[in-house]
Structure formats: structure tokens, C-alpha cells
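Listed below are the residues making up each chain.
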Amino acid sequence: MKTFQGKTLSWHVLDGAIELVLDRAPCNEIGSATLEELEQFAAALAARQSEAHALIISSARTEGFCAGADLRELYRRTQGMDLDARLGGLHDFLERIHRVMNAIDAAPMTTIAAVNGLAFGGGFELALTCDLIVADKMARFCFPELRLGLIPGFGGIPRLKRDVGNAVVRDLLLTGRSINATKSQAVGLVSQVTSEGDALRIARATASQLRKFDRATAVAAKRFIKPIPYDELRQEIEIFCELFTQPAVEAGLRKFVNSTDALPYLP
Amino acid sequence: MSSLQNTTNEVLRLAAEHFKVPREQLSADDDFFKTLGINSLQTLDLLTRIEQHFQIELPDYELQGVSDFRTLAERIQSRL
């Protein structure tokens, strides 16, 4: 399928680049509906990978790139379930989202995240699957999971560790603070910072440049320089599920869902 | 180094500019959530503007419990 219009996202091919556009109010939170459409996208990506030299992931939401997992849905769905059922459902969700993330990470084309606004939690993790991150100057990146008694669960820690120094990983993970695009570029996370609202345009310009290069060489270079940390990704799922059984997590989720605080994402 | 008064005035100017409200409607002791009617995402935008303008890093947790422009300016001042 060359184009797809779903409830939470769409994709199309433009100038030899596949463009995946997230579009679910308020800020592309990843719940079961988004996951199902991301799975469809991953299948289409595998089928059409010979026809495109690049993939650009962006957001149609002015609020930001993606605010991460849909915690309200997670809380609602797990209410009334016993621990085994909750864990089973969670494990299944994580396995599925990891398959999608791994497929994007390993795609035999150059992948670019065009980030506007916030890329928090799972949104940050989605951006980290890409080879390049182009961020507009209002972008912010954050792993707020410790607030809930959890760690990032969509592959964030191994992928962040792959890209930047361990001290930066500890800073982001252990403080839960968000960093802006300028800081993100300074630590090596972001490839290019653009003016406000220009991330997608610059990502497209970058994709056009990539088109000039021999496709097989670009794929070989990517495979050589960007190993996928499969073992650590598996460990992350296990640690996440183990932490999820702690009473602090349910309390943290409840607090978040019921919060009227103006800054509910703060640790 | 800027004085706290200068920093407060700059924060008020930035907020007025970013959220498109008349500067004269804002004062240092205003609760910016109420006065500007902003949510958490918009607060992050203001944080980014502040970091860019003052060329500082202001971790989000420094904003915890802060709701008026003067206290926000004090947090900024300690990073200048």
C-alpha cells in the first residue's frame, strides 16, 4: 500500500522517502490503537523497503512529536485485573511495540525523526530508533518514567546508551528532567536544530541529499555503524515487567491519571 | 549580572510575547498558570523560551511549586 490513512497515523511516499505522520490528539500518546497501526506500518515498510531510500517520522500535532505511552489507557485497562493478567497484557504490549521499534531501527534505508515540541518517554524512544534526529528549536526530550516507579520500556535505555555517553543517560534517566534541542545537539543526540516549525522541511531536504548516494553502500554503512542491542532490549522488557509489579507503580499511575496539577509529568 | 528586577521584567516580556498577551496585563506576583491560562505543554514552551533567551539550562524540577513570575525569575537568576 503506497498510502495509508489510519485513526492515529498515516503514511505516504514522497520523492522516494516514506513519510510516517503521527496524528492522534492530544500529543500522539501510544496506546493500543496507535500500536495496531504502527504494526501495519512496520509490515508495509518491510514490503516496500526496496522502493524508498529514506523514512521520515513526524507529527501533525502542534503539541509535539509524541508524549509517550498512553498511561490513561494503561491504567484504565489494568483496573480490576489480577497481577498475572496485568503482567501478561503488559508483556504482550511490550513485545509488540519492541517488534515495531526494532523494524524501524533495522530498516534498510536512512531514517529521520523530525521532532517538534515534546518527545517524552515512548516518543523519545521512537525518535531514538531513527538514524538521525532533526529537531526544531522548541523540541524537548525527556524520560519521565521514574516518576511512576518505572524505567523506559520501549527500548529507550539501550538505544540512548548506543548514541550518547553514559553520564548523559544517567542524567536524563535518574533526574527525569527534559532537555531542549540545543542541549540535545550539544550532547550528540540531535543531528540538526531548525527554526520553529521547520523540522519536517529540513528532514525532507536531508532525505533528498541521501538520495544521491548509492543505496547499497548507505545500507552497508548503517548496518556497520548502528548495531541493534537486542540482548539489552530484552533485558529492558524483563526489568520493566518486574518493576511493574511494585505497588508504587499503580499508585503513581493513579496519581498521574487523576492529577489536576499543571505540571503532571514532573517527577 | 542582571538584577532580579531585570530578570523578572525579561520573563514578563518573554511570556507576553510568547503567549500574545499585552505586557501591561502581567505583573511579577501573578500566578502565570492562571493569568496566562496555560497547561503543562505550554509551560514547557515557556521553559524553552527562557532557556534560549538567558542561555541557561533550567531543569523542570526547579519549576515544581513555582507559579509566579517573580519566583520563576529567582530560579533563573540562580543559573546566570
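Residues numbered from 1 in each chain as written. Chains lettered and ligands numbered in written order. Predicted model: local features only at pLDDT ≥ 70, side-chain atom pairs only at ≥ 80, totals over all residues.

A. Expanded view of the overall build of chain B. A count of helices and strands for chain B gives four helices and zero strands. Mapped in sequence order, the helices and strands of chain B form the string α-α-α-α. Viewed in the frame of its principal axes, chain B has a C-alpha envelope of about 30 × 25 × 20 Å. Expressed as a percentage of the 80 residues in chain B, the buried residues total 24%. Counted over contacts in chain B with a minimum sequence separation of 6, partners at least 24 positions apart contribute 58%. (Helix = DSSP H or I, 4+ residues; strand = E, 2+ residues; numbered from the N terminus. Buried ≥ 20, exposed ≤ 12 C-beta atoms within 10 Å, placed from the backbone. Contact = placed C-beta atoms within 7 Å.)

B. Structural detail: unusual backbone geometry. Of note, the bond from A25(A) into P26(A) is cis; its omega dihedral lies within 30 degrees of zero at 0°. Here P26(A) lies in the loop between β3 (17–22) and α1 (32–48).

C. Seen up close, the nonpolar core. Residues L55(A), A114(A), V115(A), A119(A) and A127(A) are the most contacted members of the largest nonpolar core, which totals 81 residues. Those residues in contact with A119(A) that sit more than four places away from it in its chain are G64(A), F65(A), C66(A), F124(A), A127(A), A139(A) and F141(A). (Core = buried A, V, L, I, M, F, W, Y, C linked by C-beta atoms within 7 Å.)

D. A look at the interface of chain B and chain A. Counting residues at the interface gives 16 residues for chain B and 18 residues for chain A. Take the side of chain B that touches chain A: its biggest share by element is eight residues, from helix α3 (residues 40–54) of chain B.

E. Spotlight on the confidence of the model for chain B. Residues and elements named next belong to chain B. Of all residues in chain B, 99% have pLDDT values of 70 or greater, and the mean over the chain is 90. By mean pLDDT, helix α2 (residues 32–36) is the weakest element of chain B at 88, and helix α4 (residues 69–77) is the strongest at 94. Here the predicted complex scores 0.93 on pTM and 0.89 on ipTM. (pLDDT = per-residue confidence, 0-100.)

F. Structural context of the packing of helix α2 (residues 71–78) of chain A against helix α11 (residues 247–258) of chain A. Residues and elements named next belong to chain A. Close contact between α2 and α11 brings their axes to 10 Å; oriented N to C, the two are set at 120°. Between α2 and α11, the crossing angle belongs to the class labelled oblique. As for how α2 packs across α11, the hand of that crossing is left-handed. Here L71, R72, L74 and Y75 of α2 come into contact with α11, specifically with L253, R254, F256 and V257. A per-class count over the contact of α2 with α11 returns six nonpolar, no polar and two charged. (Axes fitted to C-alpha atoms, helices over the stretch in contact; angles between N-to-C directions. Parallel < 35°, antiparallel > 145°, perpendicular 65-115°, else oblique. Left-handed = near helix turned anticlockwise from the far one by under 90°. Nonpolar A, V, L, I, M, F, W, Y, C, P; charged D, E, K, R; others polar.)

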